[in-house]
Amino acid sequence: MNYTSTRSAMTASSAQAIASGIAPDGGLFTPTSIPQLTAAELESFRSLSYSELAAEILSRFMDDFTKEELLSYAQAAYDTGRFLRPGTDSREPVGLCELNPGEELLELFYGPTAAFKDMALQIMPRLLTASLKKLGEQRSVCILVATSGDTGKAALEGFRDVEGTRIGVYFPDGGVSEIQRMQMETQEGGNVAVWAVRGNFDDCQTGVKKIFASEEANRAIGDAGIMLSSANSINWGRLAPQIVYYIWSYLRLAQRGVIRMGDSVNVCVPTGNFGNILAAYLARRMGLPFARLICASNANNVLTDFIRTGVYDRNRDFYRTLSPSMDILISSNVERLLYYISGGNCAYVAGKMRELAETGRYALEGRELAELQSVFTAGFCDDAATARTIREVWEGNRHLIDTHTAVGVRVLRDTAPGGVTILASTASAYKFADGVLEALGGERCDGFDAIDRLAHQTGSPVPMPLESLRGSAVRFDTVIDRDRMESAAVNFCQSFDL
Ligand SMILES: *Cc1c(COP(=O)(O)O)cnc(C)c1O
């Protein structure tokens, strides 16, 4: 299996793709051909556990790992008690639950941070450390992350106590929700550090980029036997594991008799950076009978316009919405989609990305636009419709959904594609309890106040990882200035041996 950059023809192995994260030319590592699953293979997967299926699927994309290695990473990620379906004792990492006939919620938030990023970030650290080992890297690795909330906590949980790694996370002081701050301040693990930075998210992001570029920091950290790396969402090691749950849910639907093997279903995904829905696209390209892929956005609807008209234009107002993890104007993983819909034309992708960088805009035409629209349908909804949908689903189904999932439900119901649709449910309602509570007519409040009131009002179970925050001790309460970010990372790397 060869990988290339989306922007210029080159070859890399899967281990190189995962270890490097981003390609040297600024493009994204992407497999040059997509492995095909036959009907007979899919049939044979029906009896597999989630981890066994993950090993099968990942082995098709990553031929420098053995299936046994991949299985051991999957088991370490998904079978060691870190996933728990709220209100049950089910340890299955994902669940499928019918809302109304034809609406199948694929629940992806049973992990340690109560949002879907755990699905990738629980296994990615194992893929990363194994890739480095395969490439002969002797140093241990320090992951640095700037976060506006969700990713930092998921990365902390993924890397905590993983041998040969340490992880440092910067978040904007006062710029994350109360629950998100508590999640990070109480982080456990012997190889973790968390800093609140006086500044906003962009300051954190810029600061981390500066550390990566700093010769002085890299020398000091290198002298400690450590190299810097990132757990960025454009890393192939984060994308590949997301393909698995789409295949898993298709097999489950067949098992439950909702569909017969071979029947078409649609997939609807509340989308931000385009990673999750791209995984569904890759599953489709592998041969899964997915008819329409429905891309759901909030008021930041750059992707809706793109899919409807072919014009990607980030020159527009940015809105803070009830679904903050989708508040994004540049969806990085669209770049991988461009690679596939142009038939692997790197010069074409590089040209579009140059236009995007220079003018904030590019347009698809002809064959590429036709290809895009033959697969994707798009829609968006604003905060009022998001809130109305949370209410509608609670009153109609006695089922509590979070603000991101609500965007998906709204767009699915507005689109009405017919047949069965798998709808990605990306977070627990309690992770965004303030917005959900208000949608249900509750008073505006925050943190545990909002969680308690929401639980009282709905009787819906609170995920254990959020519940247990209540009794957790604060381990990290350091607030630093922007110009101390680098020295904090260097000190952290020099502070102990793993
Ligand atoms: C990250 C995130 C999304 C967006 O997923 P992408 O892969 O970036 O499109 C949606 N919902 C939640 C809760 C998230 O954390």
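Refer to the structure printed above.
Residues numbered from 1 in each chain as written. Predicted model: local features only at pLDDT ≥ 70, side-chain atom pairs only at ≥ 80, totals over all residues. Heavy atoms only, no water.

What surrounds the ligand is a group of 15 residues, the closest being Lys-117, Gly-272, Asn-273, Asn-276 and Thr-426. In this structure, Lys-117 approaches the ligand through a side-chain N or O atom, which is 2.5 Å from an oxygen atom. Within the contact set of the ligand, an oxygen atom lies 2.7 Å away from a backbone nitrogen or oxygen of Asn-273. Expressed as a share of its isolated accessible area of 390 Å², the protein-covered part of the ligand is 95%. The residue inventory of the shell around the ligand, partitioned by class, reads 5 nonpolar, 8 polar and 2 charged. (Near = heavy atom within 4 Å. Polar contact = N/O pair within 3.5 Å; in protein donor to acceptor, adjacent residues only side chain to side chain. Areas by Shrake-Rupley, 256 points an atom, 1.4 Å probe, with all protein chains shown as cover. Nonpolar A, V, L, I, M, F, W, Y, C, P; charged D, E, K, R; others polar.)

Turning our attention to unusual backbone geometry. Positioned with a positive phi, Ala-114 is a non-glycine residue whose angle comes to about 65°. Mapped onto the elements of the fold, Ala-114 is located in the loop between strand 4 (103-107) and helix 5 (117-121). Look at Ala-114 and you get buried, because its relative accessible area is 0%. A positive phi angle, near 60°, is found at Asp-161, a position not held by glycine. Turning to its location among the elements, Asp-161 is positioned in the loop between helix 7 (150-159) and strand 6 (165-172). In this structure Asp-161 comes out as exposed when scored by relative accessible area, which is 52%. (Helix = DSSP H or I, 4+ residues; strand = E, 2+ residues; numbered from the N terminus. Buried < 20%, exposed > 50% of the residue type's maximum accessible area, 1.4 Å probe, protein only.)

Right, let's get into a negative patch on the surface. A cluster of acidic residues, Glu-178, Asp-434, Asp-446 and Asp-449, forms a negative patch at the surface. Inspection of the secondary structure puts Asp-446 in the loop between helix 19 (433-439) and helix 20 (447-458). (Patch = residues over 30% accessible without salt bridge, like charges linked within 9 Å, V, L, I, M, F, W, Y side chains within 5 Å. Salt bridge = Lys/Arg side-chain N within 4 Å of Asp/Glu carboxyl O. Lys, Arg positive; Asp, Glu negative; His and termini not counted. Charge placed at Lys NZ, Arg CZ, Asp CG, Glu CD.)

Taken as a whole and assessed by the stated rule, the structure comprises 18 aromatic pairs. The rings of Phe-274, Tyr-281, Tyr-339, Tyr-340 and Phe-376 are connected pair by pair, giving a single aromatic cluster. Over the ring of Phe-492 we find Arg-166; its NZ or CZ atom is 5.9 Å from the centre of that ring. (Phe/Tyr/Trp six-rings, centres within 6.5 Å; stacked < 30°, edge-to-face > 60°. Lys NZ or Arg CZ within 6 Å of the ring centre and 35° of its normal.)

The sheet built from 5 strands is open, its strands ordered 8-5-6-7-15 with parallel pairing. Strands with a single pairing partner mark the edges of an open sheet, and in this sheet they are strand 8 (226-229) and strand 15 (479-481). Across this sheet, the average inter-strand angle for adjacent strands is 30°, counted without regard to direction. Of the pairings in the sheet, the one linking strand 5 (residues 140-146) to strand 8 comprises 4 bridges and is parallel in character. Bridged to Ser-140 within strand 8 is Ile-226. (Pairing = 2+ DSSP bridges. Axes fitted to C-alpha atoms, helices over the stretch in contact; angles between N-to-C directions.)

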